[in-house]
Every structure is written in structure tokens, then in C-alpha cells.
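Overview (structure and organization)
Next come the chains, spelled out residue by residue.
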Amino acid sequence: MSLGDLDFVAAMLSHPEVMRFYPKLYSRQEATSWIERQLDRYERHGHGLWLAEDRATGEPRGQVGLLIQEVDGIEEPEIGYLIHRPFWRQGLATEAALATRDWAFGMLGLPRVISLIRPVNLPSQGVAAKLGMTPEKRTTSWNLEHIVFSVRAVDVDWRRE
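Attention in this report is confined to the structure presented alongside it. Computed from a prediction, not measured in an experiment: that's the story for all the values here.

Parameters at a glance
Residues numbered from 1 in each chain as written. Predicted model: local features only at pLDDT ≥ 70, side-chain atom pairs only at ≥ 80, totals over all residues. Heavy atoms only, no water. Core = buried A, V, L, I, M, F, W, Y, C linked by side-chain atoms within 4.5 Å. Buried < 20%, exposed > 50% of the residue type's maximum accessible area, 1.4 Å probe, protein only. Helix = DSSP H or I, 4+ residues; strand = E, 2+ residues; numbered from the N terminus. Contact = heavy atoms within 4.5 Å. Salt bridge = Lys/Arg side-chain N within 4 Å of Asp/Glu carboxyl O.

Before going further, it helps to spend a moment on the nonpolar core. Val9, Leu13, Ile79, Tyr81, Val113 and Met133 are the most contacted members of the largest nonpolar core, which has 41 residues in total. In terms of residues, this core owes the most to one element, helix 1 (residues 6-13), which gives six residues. The residues touching Leu13, leaving out its near neighbours within four places in the chain, are Met19, Leu25, Tyr26, Ala31, Trp34, Gln63 and Leu82.

This is how it looks when you write it as C-alpha cells:
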């Protein structure tokens with residue numbers, strides 16, 4: 001993701017359906033800051049949210065990646081995914097999140113990853129289940145209740161070809 005992706009990211013982050021489980025819609029300036037946070041994450045951690053693109057056309061579809069999130073005072077590797085509304089129900093979140101999970105386990109050697117998901121966000125809970133994640137506990141992040149879904153590398157077949 002780069003500042004060159006601002007038009008797409010701003011449109012996605014200001015879309016009421018896409019952002020219905022977030023605290024608010026984002027302005028264009030806030031979308032710029034969102035991208036800058038990802039660039040900072042790339043620099044600090046070597047990863048963050050990446051732009052998810054159509055394989056055939058290279059056109060953006062959403063963002064998926066690995067973030068470091070603080071959960072109850074502990075830094076946790078989180079798989080995050082957000083697909084723009086026109087591209088829902090095509091399996092893109094699952095495909096990209098699975099690739100992120102496998103990369104986290106295989107390339108980074110992480111023993112466990114999580115996803116923070118609002119209790120009312122059933123579509124994202126479905127994606128988490130397809131990653132082999134199960135609910136672990138509830139927590140508060142950004143002043144909102146979330147379920148911490150998690151999966152351990154030893155519990156799934158992440159060495160897919």
C-alpha cells in the first residue's frame with residue numbers, strides 16, 4: 001500500500017457498509033493517515049496491511065495483512081482484512097487471509113496469530129473460522145468489545161502448496 005492508493009483507500013474507508021463495524025467513517029485526510037500508519041508498520045515490523053489486488057488486472061479490492069496489536073497489554077500478531085463493498089462474497093478475504101496466516105507461520109515462524117472481531121461482525125467471524133481460528137476471549141479495543149479469535153501453527157495445515 002502506498003499514498004498512490006489513496007483514492008481507493010479513501011473510498012473504502014468512507015463507505016458506510018464497509019465500515020459498519022468500525023467506530024466511524026474515515027475522511028480523506030484520515031485515510032491518508034491510515035496509509036501512513038501502514039508505511040510506518042512496514043518500516044518497524046516488516047509488515048502491516050497490504051493492498052489486496054485482483055490477480056488478473058492488478059486493480060485494488062481491499063486490504064489484508066499482519067499487524068501488531070496490543071491486546072490486554074500484550075503485543076499480538078493480528079491478521080486483519082477489509083474488502084471494499086463491490087468485491088464482497090467472492091472469497092477474497094478468505095484467500096488473502098489464508099495466505100497471510102501461512103506466511104506468518106512459514107516465513108516468520110510465528111506460533112500463533114489472532115484476529116480481533118466485533119461480536120456482531122458475523123462475516124469476519126466466518127473468515128476467521130476458515131483460517132482455523134476459534135474464539136479465545138473477549139476484550140475491549142478502541143472502546144469497543146471484540147472477540148479475540150486465534151489459531152496456533154501446530155493446529156492447522158499451513159504448508160499448503
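After that view of the structure, there is still more to cover.
This part takes up the pattern of salt bridges. Considering all chains together, one arrives at twelve salt bridges under this definition. Here Arg44 ties to Asp40 by a salt bridge, and the two come within 2.6 Å at their closest N and O atoms. Separated by four residues within a single helix, Arg44 and Asp40 lie in helix 2 (residues 28-45), roughly one turn from each other. Overall, the relative accessible area of 37% leaves Asp40 in the partly exposed class. With a shortest N-O distance of 2.9 Å, Lys137 and Asp72 are connected by a salt bridge. A residue pair is termed long-range when its members are at least 10 positions apart, and Lys137 in strand 5 (residues 134-141) and Asp72 in the loop between strand 2 (60-71) and strand 3 (74-83) qualify at 65 residues. Its relative accessible area of 48% is what places Asp72 among the partly exposed residues. A single network of salt bridges, built from pairs that share partners, joins Glu76, Arg112 and Glu136.

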